[in-house]
Structure formats: structure tokens, C-alpha cells
Amino acid sequence: MRIPVGGLVIHKNTGDDPRMEVIAVELQLDTCVHWLEIALEHLAAAKQAHEALLTAPANSPTCGSLLDREFKASVQAAVAAATFFEALYATAVERDPRKPPDTKNRSTRYAVVTEQLRRSFGLRKQDTTNLRSVLKEIYRFRDQAVHPSAAFTQPMLHPQLQVGVEHRFVMFSFSSAKELVRAALAFSKILPSRDLTRQPKEIKDLGAYLLEVCLPLYITWEQHYGQLLDAPTIAT
């Protein structure tokens, strides 16, 4: 919350002490942490469905229902992980008072997001390469989810069920969703943990905010899924 210019009025009455009156306020909401929470919630649902699927009778209606539940939860977890980066991009642009980077020659969304985060958080060449690689995979999953093809394709063997299914039932699984969410959560910690002393104050404040509000999520991850900052690999 902040009081905008003109939002605070001081009344000076003759013989009385000055009186302040707030006539307008502004609110701000950074949704980065909300998308991480959404991603973790759906990841937990995908995990539950996946574990139940492993013990379900083969080729039963229950098996099909659990496969569908794992797929839908994994899709939502993947989209939430990508949207975390969209939200982080938006708040970085808003908080970085410097001229935005030139992105007109960048043809992919992940390249645009990478460039803004590189600039805002002062990433070096190798760190930028790593971020771009991760975002390329995350946006590939995002695009498969939000721009789905209706074309006929060859079945793909499901690794646990050993039956042929539409390829997205393999692509969007608990294992792939876990790596996508892990990557988003990891970068929510990696980026603000960098040395931001040369960055604008607004970016420093953003970094401190992220580390504070995401701390419970880091703890939750390590309680349920193991170490967070080991190098994630994106499942296909």
C-alpha cells in the first residue's frame, strides 16, 4: 500500500493543531508467490493420483480416471510454473526504472522473459544460458497446454501402465510436473540470492520480498520432494 501524490491532505485550522487526512491510497499485488503456491497445490494432486495409479487394476475404469486426474493436475502445475515467470517478468519490468531492454528482435516469449530477468537480476553469461534453457522447456510445456493440437498422432507407450496413450498423457505427468515446478521454485530463490548491490533499489526490495514470502514454500518442497537447488532436469 502507498499514498499517491495528492493523497495526503494537511488541514491547518486557526488556533488548532494541523490535522492530516488520507484521501487516497494505492494497492499493489505481486502474484509471483501465488502462482508458486498454485503450482505446488496441483503438483501434490498429481502426486496423489500418480501413486494411486500405480496400484490400480490394469485397464480398469479406476485406472483411466486416475490417469486423467494426474494429467489435469500436471497440466495445471506446468502452466502455473510458467505463469510464475510471467508474473516475475511483469513485476521486474514495473520495478526496474531503467529503460526496458530491446526485445523487438526476440521471436520467442522465453527469450524476452530471459532478457528482462538477466538485466534486472544482473545475470552473467553462463547463468543467463542456464535460465534460457530452463525457460525454453517450461514454455514448451506451457504452449502444449494452452495451444493444444487436435491432430491425430501415434500412441505413446505409458511407462507405468505399458499401454498406448495419447502422447500428452505421458508428457504431462507427475514426474515432468515435479521438475517444472522445481525449476520455478528454484529460480525464485536463485535470482534474488545473487549480489544485487548494483541493481536498482526497487529490484533489491523485490529480491528481499521473494526470499521472505517464498521461504515456507522452500521448506514445504524439501519436506516432500527433497533438495531444491540440485540442478533440475526437465522430463519429456
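Here the structure is a predicted model, which means the values were calculated and not measured. (Residues numbered from 1 in each chain as written. Predicted model: local features only at pLDDT ≥ 70, side-chain atom pairs only at ≥ 80, totals over all residues. Heavy atoms only, no water.)

1. Quick look at the overall build of the protein
Stated precisely, the cut-off is as follows: A run of H or I in DSSP becomes a helix once it reaches four residues, and a run of E becomes a strand once it reaches two; helices and strands are each numbered from the N terminus. Buried residues are those whose accessible area, probed at 1.4 Å on protein chains only, stays under 20% of the maximum for their type, while exposed residues exceed 50% and partly exposed ones sit between those limits. Should any heavy atoms of two residues lie within 4.5 Å, those residues are counted as being in contact. Per-residue and other accessible areas were derived by the Shrake-Rupley procedure at a 1.4 Å probe size, with only the shown protein chains allowed to occlude residues.
A tally of regular secondary structure across the protein gives 7 helices and 4 strands. The order of α-helices and β-strands along the protein, N terminus first, is β-β-α-α-α-α-β-β-α-α-α. Counting the 236 residues in the protein, one finds 40% classified as buried. A sequence separation of at least 24 residues applies to 67% of the contacts in the protein between residues at least 6 apart. When the accessible surface of the protein is totalled, it reaches about 13600 Å², and 54% of it is carbon and sulfur.

2. Notes on the pattern of salt bridges
As a reminder of what qualifies: Counted as salt bridges are all cases of a side-chain nitrogen of Lys or Arg within 4 Å of a carboxyl oxygen of Asp or Glu.
If you walk through the whole model with that rule in mind, you get 12 salt bridges. Note that Arg 168 and Glu 166 form a salt bridge whose closest N and O atoms lie 2.9 Å from each other. For Glu 166, a relative accessible area of 26% puts it in the partly exposed group. In the salt-bridge network here, residues are joined through shared partners; they are Asp 96, Arg 98 and Arg 119.

3. A closer look at unusual backbone geometry
One non-glycine residue, Gln 162, adopts positive backbone phi at about 60°. With respect to the helices and strands, the residue Gln 162 is situated in the loop between β3 (156-157) and β4 (164-165).

4. Re the nonpolar core
As a reminder of what qualifies: For the purposes of this section, nonpolar cores are sets of buried Ala, Val, Leu, Ile, Met, Phe, Trp, Tyr and Cys residues that join through side-chain atoms within 4.5 Å.
Among the nonpolar cores identified, the biggest contains 55 residues, and Phe 85, Leu 88, Leu 117, Phe 121 and Trp 221 are the most heavily contacted of them. Elements that contribute at least two residues to this core include exactly α1 (32-55), α2 (61-95), α3 (109-121), α4 (125-146), α6 (174-190) and α7 (201-224). Filtering out sequence-adjacent residues up to four positions away, Leu 88 remains in contact with Cys 32, Leu 117, Phe 121, Leu 191, Leu 206 and Leu 210.

5. As for the packing of aromatic side chains
Quick note on the threshold: Ring pairs shown here join Phe, Tyr and Trp side chains whose ring centres sit within 6.5 Å, with only the six-membered ring taken for Trp; geometry is labelled stacked below 30 degrees between planes, edge-to-face above 60, and tilted in between. We call a charge positioned above a ring when the Lys NZ or Arg CZ atom is no farther than 6 Å from the ring centre and deviates by at most 35 degrees from the ring normal.
Evaluation of the coordinates by the stated rule reveals 7 aromatic pairs. With a centroid separation of 6.3 Å and 65° between ring planes, the pair formed by Phe 85 and Phe 187 is classed as edge-to-face. Separated by 102 residues along the polypeptide, Phe 85 in helix α2 and Phe 187 in helix α6 bring together distant segments of the chain. Considering the side-chain rings of Trp 221 and Tyr 225, the 4.6 Å spacing of their centres and the 45° angle between planes classify their relative orientation as tilted. Between the NZ or CZ atom of Arg 109 and the centre of the ring of Tyr 89, over which it lies, the distance is 4.5 Å.

6. Topic: the packing of α2 against α7
Which entries qualify depends on this criterion: All axes are obtained by fitting lines to C-alpha atoms, using only the stretch in contact for helices, and the reported angles, taken between N-to-C directions, cover 0 to 180 degrees. Definitions for this section: a left-handed crossing has its near helix turned counterclockwise from the far helix by less than a right angle. A right-handed crossing has that turn clockwise. When residues are sorted by character, Ala, Val, Leu, Ile, Met, Phe, Trp, Tyr, Cys and Pro go into the nonpolar class, Asp, Glu, Lys and Arg into the charged class, and all the rest, Gly among them, into the polar class.
Put simply, α2 and α7 touch, their axes get as near as 9 Å, and they point 145° apart. Remark: the crossing between α2 and α7 carries right-handed chirality. Contacts between α2 and α7 pair Leu 88, Thr 91, Ala 92 and Arg 95 from the former with Glu 202, Ile 203, Asp 205, Leu 206 and Leu 210 from the latter. Each residue belonging to the contact of α2 with α7 can be placed in one class, and the counts come to 5 nonpolar, 1 polar and 3 charged.

7. Quick notes on the side chain of His 158
To be explicit about the condition: Each polar contact in these results corresponds to two N or O atoms within 3.5 Å; when the atoms are within protein, one needs to be able to donate a hydrogen and the other to accept it, and residues that are neighboring in sequence are counted only if both atoms are side-chain atoms.
Within the secondary structure, His 158 sits in the loop between β3 and β4. A distance of 3.1 Å separates a polar side-chain atom of His 158 from the backbone nitrogen of Leu 161. Sequence-distant contacts of His 158, that is, excluding residues within four places in its chain, are made with Leu 53, Leu 67, Val 163, Val 165, Phe 169 and Val 170.

8. Description of the side chain of His 50
Within the secondary structure, His 50 is located in helix α1. Judged by relative accessible area, His 50 falls into the buried class, the value being 14%.

9. Section: α4
Each full turn of the α-helix corresponds to 3.6 residues, which orients residues three or four apart in the same direction. Put simply, the rule reads: To estimate how far a helix should extend, the number of its residues minus one is multiplied by 1.5 Å.
For α4, spanning 22 residues, the distance from its first C-alpha to its last is 31 Å, which sits close to the expected 32 Å at 1.5 Å a residue. Among all positions in α4, only Thr 128, Leu 131, Val 134, Leu 135, Glu 137, Ile 138, Tyr 139, Phe 141 and Arg 142 are buried. Contacts made by the buried residues of α4 are with α2, α3, α5 (168-171) and α6.

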